[in-house]
Amino acid sequence: MAMETTKLSIQNLNLWFGKQKILNNINIDIPENKVTVILGPSGCGKTTLMKTMNRLVDLQGGARTSGKIILDGEDILNTRRDIALVRQKMGLLSQRPTPLPMSIFNNVAYGLRLKGIRGRKKLTPLVEKHLIEANLWDEVRDRLHDPASRLSIGQQQRLCLARGLAVDPEIILADEPTSALDPISASVIENQFFKLKENYTILLVTHIMRQARRIADKVVFMYLGEVIEQADVHEFFNNPKQKMTRDYLQGAFY
Amino acid sequence: MWWRKLEEKIVYFMMLISVASLVALLLAVLLSIFIKGVPYISWEMISQTPRGGYYFGREGGVLNAIVGSLYLSTGAVLLSLAFSLPLSLAMNIHLRTRRKTVNRIRFVLDILWGIPSIVYGAFGFTLMIYLGIQASLLAGIITVGIFIMPIMVRGMDEVMKNVPVHLIESAFSVGSTRMEVAFRVMLRQTIPGIVTAILLAFGRGIGDVASVLFTTGYTDNLPTSITQQTATLPLAVFFQLGSPIPEVQNRAYASAIILTVIILIISISVRMISKKYHKII
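Just so it is clear, the model here is predicted, and its values are computed rather than measured.

**Here's the deal with the packing of helix α3 (residues 104-114) of chain A against helix α4 (residues 120-133) of chain A**
Each pair of packed helices can be described by the angle between their axes along with the distance between the axes.
All names here are of chain A.
Okay, step 1: Across the interface, α3 lies against α4 with an axial gap of 9 Å and an inter-helix angle of 105°. Between α3 and α4, the angle falls in the class roughly perpendicular. Of the residues in α4, those touching α3 at Phe105, Val108, Ala109 and Leu112 are Leu123, Leu126, Val127, His130 and Leu131.
Okay, step 2: Of the residues belonging to the contact of α3 with α4, the class tally is eight nonpolar, one polar and no charged.

In structure tokens, the structure reads:
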């Protein structure tokens, strides 16, 4: 395998909600320009882990953390810098598409405007670029000013991807992005990840093993708030080290 | 299994009865006003202020009260909006992590909602004495504004509470500040609900007697300044209905029709406008 550079490094991360410990001593290195898949059953802390990375967890009262999350040499978990700027380094794709209550064009332009880009002349080419990147341009080019809510769910999810890409992130966080989609829309999104990893580091949360096998470069297996095993995708599926991982892969869970 | 079908039928029947009685009640109220009032509605009634002898059944109208009521409730709604909108946005965005605090605010607002309007009237009166202002449009606007604020805030809060968490999170995740989430996402998403809350508050404000009784006063002239006394429609109804002269009593019903129709026109038109706006969303 080629040399990997670590884009994001999670070190000794713990997280509590009130007295309940949700994440327990998480250590993960996420390689640059690869797809890292976090695999695990529902309720194992995958989503919380992802929300901790872009500090969305701050929005839920009562969360307490310890440890570090290093992005480009900066500990973003404990930084005193503006969190909005930290979040812009990561685009989030959530389980269900969440188009903002505005037109297709403005959904993508929303992030651009936050970055201070104004005026239709400047916005239009960029909106087009990101819609192409999300593989949605051909379907919406003639109705950019329709409300985003009129798109199909699969299209909405790609619109959310375009919106996330518009803030020019370095990392894409995807939280079971295909779980609400039909198989065709899901495979469109999956294929898009293949292309996007040339330019972005992708972190995908899923509980679908086949999906992990299809698109992952590295797999992290979590269970009950702990990382059980993490390995290169071939290694993980063909030669898992832990008994728990083997059980999970055989579908004997729990 | 027969009892489950029977149960279904009984509940269905009960629902029919309650719907029917509710509609019947509404119709009864409207009909009684309209039957008694319609014969006495005239162009004179809505286009003129009371002349000498109006309260003895001679010529004139209630234009003073119509204009006064519109000024008063518009002013009160604007005043209340200036506090309600920021408060409800803050409760649902800025104070998101402090659920306890927000629930306490909701509790206080619910109590305020339950206080009878005469108490607000008395409070407004005390406030006027303290500030040294006399019964006037301004005093009325302040009192009614305070009185309708809990209604407005809770109405807005209720729709904002129901905005999907995912939507708010994804707005944050592209790097919005709380202000940007509040005004560019939350506000747009909840516009129809906000409009409903405003209308609800407007309806309460324009129809209330007790809160304006001491604070706004009454005059036969059109309001020209917020420091002057102002007539209001509910008070016009109240005064005319209390008259021993049948002619004047009938005009009370006509005034009530005017009040009802104003509320109806405003609700329908605002709803239509907000629907049109919602299409853009």
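**A look at the pairing of strand β3 (residues 35-39) of chain A**
Residue and element names in this part refer to chain A.
Okay, step 1: Extensive coverage of β3 is indicated by the burial of five of its five residues.
Okay, step 2: Here β3 shows a buried face lined by Val35, Val37 and Leu39 and a second buried face lined by Thr36 and Ile38.
Okay, step 3: Pairing analysis gives five bridges linking β3 to strand β8 (residues 201-206), with the strands arranged parallel. When the bridges of β8 are listed, Val37 appears paired with Leu204.
Okay, step 4: As defined by bridge partners, β3 adjoins strand β9 (residues 218-223) across four bridges and the pair is classed as parallel. Each residue of the ladder has a partner; that of Ile38, found in β9, is Val220.

**A look at the nonpolar core**
Okay, step 1: If you look at the biggest cluster of nonpolar residues, it comprises 128 residues, and the most contacted ones within it are Ala162, Leu173, Ile202 and Leu203 of chain A together with Met152 and Ile198 of chain B.
Okay, step 2: Broken down by element, this core gets its largest block of residues, 15 residues, from helix α6 (residues 137-161) of chain B.
Okay, step 3: Ile202 of chain A has contacts with Val35, Thr36, Ile172, Ala174, Phe193, Leu196 and Lys197 of chain A, leaving out every residue within four places of it along the chain.

**Description of the pairing of strand β6 (residues 90-93) of chain A**
All names here are of chain A.
Okay, step 1: Alternating positions in β6 separate into two faces, Met90 and Leu92 on one and Gly91 and Leu93 on the other, with burial throughout.
Okay, step 2: Here four bridges tie β6 to strand β7 (residues 171-175), and the two strands are oriented parallel to one another. Residue pairing across strands places Leu92 opposite Leu173, the latter belonging to β7.

**A word on helix α7 (residues 183-196) of chain A**
All names here are of chain A.
Okay, step 1: In this model α7 runs 20 Å from its N-terminal to its C-terminal C-alpha over 14 residues, within 8% of the 20 Å that 1.5 Å per residue would give.
Okay, step 2: Considered for burial, the residues of α7 that qualify are Ile189, Phe193 and Leu196. Here the buried residues of α7 occupy an arc of 70° about the axis, which is enough to place them on one side. Across from the buried face of α7, at angles greater than 90 degrees, the exposed residues are Pro183, Ile184, Phe194 and Lys195.
Okay, step 3: Where the residues of α7 are buried, they touch β3, α6 (153-166), β7, β8 and α8 (209-215).

**Structural notes on the sheet that holds strand β5 (residues 74-75) of chain A**
Residue and element names in this part refer to chain A.
Okay, step 1: The strand order across the open sheet built from four strands is β2-β1-β4-β5, with neighbouring strands paired in antiparallel fashion. The sheet is open, and its two edges are formed by β2 (20-31) and β5, each paired on a single side.
Okay, step 2: Judged from the eight bridges that link them, strand β1 (residues 6-17) and strand β4 (residues 63-71) form a sheet pairing that is antiparallel. Note on β4: the bridge partner recorded for Ile10 is Ile69.

**Regarding the confidence of the model for chain B**
All names here are of chain B.
Okay, step 1: On average, residues of chain B carry a pLDDT of 90, and 98% of them reach 70 or more.
Okay, step 2: Mean pLDDT values over the elements of chain B span from 84, in helix α11 (residues 246-280), up to 95, in helix α3 (residues 63-94).
Okay, step 3: If you check the scores for this complex, the pTM reads 0.83 and the ipTM reads 0.86.

**With respect to the domain arrangement of chain B**
One widely used convention gives an interface's size as the accessible area the parts lose upon coming together.
Okay, step 1: Domain assignment breaks chain B into domain 1 (2-40) and domain 2 (54-280).
Okay, step 2: Placing the centre of domain 1 of chain B and that of domain 2 of chain B at their C-alpha centroids yields a distance of 29 Å.

So, how was this worked out
Residues numbered from 1 in each chain as written. Chains lettered and ligands numbered in written order. Predicted model: local features only at pLDDT ≥ 70, side-chain atom pairs only at ≥ 80, totals over all residues. Axes fitted to C-alpha atoms, helices over the stretch in contact; angles between N-to-C directions. Helix = DSSP H or I, 4+ residues; strand = E, 2+ residues; numbered from the N terminus. Parallel < 35°, antiparallel > 145°, perpendicular 65-115°, else oblique. Contact = placed C-beta atoms within 7 Å. Nonpolar A, V, L, I, M, F, W, Y, C, P; charged D, E, K, R; others polar. Buried ≥ 20, exposed ≤ 12 C-beta atoms within 10 Å, placed from the backbone. Pairing = 2+ DSSP bridges. Core = buried A, V, L, I, M, F, W, Y, C linked by C-beta atoms within 7 Å. Expected span 1.5 Å × (residues − 1). Arc of directions from axis to C-beta. pLDDT = per-residue confidence, 0-100. Domains from an automatic or database assignment.

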